[in-house]
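Residue strings, one per chain:
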Amino acid sequence: MRMDKRKADEMSRSQYGAVLFLLFAGWIVAAGCGKQETTAADGSRPVKLTYSVFFPPTHKQAKLAEAWAEEIGRRTQGKVRITVFCGGSLTKADQCYQGVVDGISDIGMSAFAYTRGRFPLLEGLDLPVGYADGVSATRIVNELCHAFLPKEIRDVKLLYVHAHGPGILASKRPMRTLADLKGAKVRATGFCAKVVESLGGSPVSMPQGDTYEALQKGVVDATFCPVETLKGWKQGEVIRNITDSRCIGYTTSFFVVINPARWASLPDEVKQIMEDVSKEWVERHAQAWNEADDEGLAFARSLDREVVPLDPSEQVLWRKQVEPLLREYAERAEAKGLPGKDFLNRLTTAVREAQEGSSR
């Protein structure tokens, strides 16, 4: 009898522990989902979408991506719920576009430049044509992408595009002339690698997420980047100088795309909301890029980083060095049956008009 009683007591304790475990597990689940409703406002089950973003969660552009997702959820009254995965946690920067095509994520944000050769017409967006600022760059690249909508991006649904302010040269030692750049290892992505070569440097391709460590360890001597990365990616901590090379200012254009099958499955009213919000977010990203550049420069100056201006004679030389890249781009695109000359003409005209507008 004592043995039976002991077994009964042990069984009772085991059952009690199991109950506690289940209650604890239920509490964890409830806590993790506490901010989410299980149904939309009309009682229907929401459409759940995943959104892969390569920017780190603290970056302005990642926060804007999250705000975009939240706004769509609000305007659809909970019918669409978008979970954002920042920092490349779902797909890496150079895998994001294909990840959307393959359905690894429903939506993705990354740079066209991170998949070199895949976007032969749109790589023209990143040419060193002297972009004035992030606002004009974002407006220009978004307009051109939607106007041309080339075959190279028709395996997704394009929602919108945005672009950073003019890329500059941030380095570990002063670079005031072309001679200073000769042989220097410079981090660059996509078409910008050719810019580095034309200036006499040695390009090293890598996404922004790898650049801090590369500069810190001396893998590269410098990086072509928008000023915002000096704070947004903390690169100001591992450089000493900033060369004001806006005379050949390039940009990097960032896509926001959705898997076409997922897009086709959405109700028309949801599609319209997503397109409306996307149009609004073009301007929000544009302003954010300008603000981020201002903050990046202030951050660099707070660390006593030197801003190195280019003499007018050097600016002429730098422009002359990159001019062949523009012609080569157009000719290469035309050889592939793409409207490279028309694209380049519209791009340079838009950039020139933006430059004139900013100088008034």
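Let me begin by describing the structure that accompanies this report. Bear in mind the structure is a predicted one, so any value in this text is a computation, not a measurement.

## Structural notes on the packing of aromatic side chains
Inspection of every chain in the model, using the stated rule, returns 17 aromatic pairs. Seen from their ring centres, Phe112 and Phe255 are 5.2 Å apart, and the 50° between their planes marks the pair as tilted. Of this pair, Phe112 sits in the loop between β3 (107–111) and α4 (134–148) while Phe255 sits in strand β10 (residues 253–258), and the two are 143 residues apart along the sequence. With respect to burial, Phe112 and Phe255 carry one shared label: buried. Each ring, one from Phe254 and one from Trp289, has its centre 5.5 Å from the other, and the planes form 15°; the classification is stacked. Here Phe254 is found in strand β10, whereas its partner Trp289 is found in helix α10 (residues 268–302), with 35 residues between them in sequence. The exposure classification of Phe254 matches that of Trp289, with both residues buried. In textbook terms, an aromatic cluster arises when at least three aromatic residues are bridged by ring pairs, as seen for Phe54, Phe55, Tyr114, Trp233, Phe254 and Trp289.

## So, the packing of helix α2 (residues 60–75) against α10
Interaxial distance between α2 and α10 falls to 10 Å at its minimum, and their mutual angle equals 155°. Considered as vectors, α2 and α10 are oriented roughly antiparallel to each other. Note that α2 runs across α10; the crossing there is right-handed.

## Things to note about the sheet that holds strand β9 (residues 241–244)
Overall, mixed pairing links the six strands, which are arranged β7-β6-β8-β5-β9-β11 in an open sheet. At either end of the open sheet lies a strand with only one pairing partner, and these are β7 (202–205) and β11 (306–309). Mean inter-strand twist for the sheet, computed between neighbouring axes without regard to direction, equals 30°. Across two bridges, strand β6 (residues 185–188) lies against strand β8 (residues 222–226) in parallel orientation. Across the sheet, Val186 pairs through a bridge with Ala222, a residue of β8. Sheet strands in contact with helix α7 (residues 208–216) are β6 and β8, and its direction is about 145° off that of β8.

Parameters and conventions
- Residues numbered from 1 in each chain as written.
- Predicted model: local features only at pLDDT ≥ 70, side-chain atom pairs only at ≥ 80, totals over all residues.
- Heavy atoms only, no water.
- Phe/Tyr/Trp six-rings, centres within 6.5 Å; stacked < 30°, edge-to-face > 60°.
- Helix = DSSP H or I, 4+ residues; strand = E, 2+ residues; numbered from the N terminus.
- Buried < 20%, exposed > 50% of the residue type's maximum accessible area, 1.4 Å probe, protein only.
- Axes fitted to C-alpha atoms, helices over the stretch in contact; angles between N-to-C directions.
- Parallel < 35°, antiparallel > 145°, perpendicular 65-115°, else oblique.
- Left-handed = near helix turned anticlockwise from the far one by under 90°.
- Pairing = 2+ DSSP bridges.
- Contact = heavy atoms within 4.5 Å.

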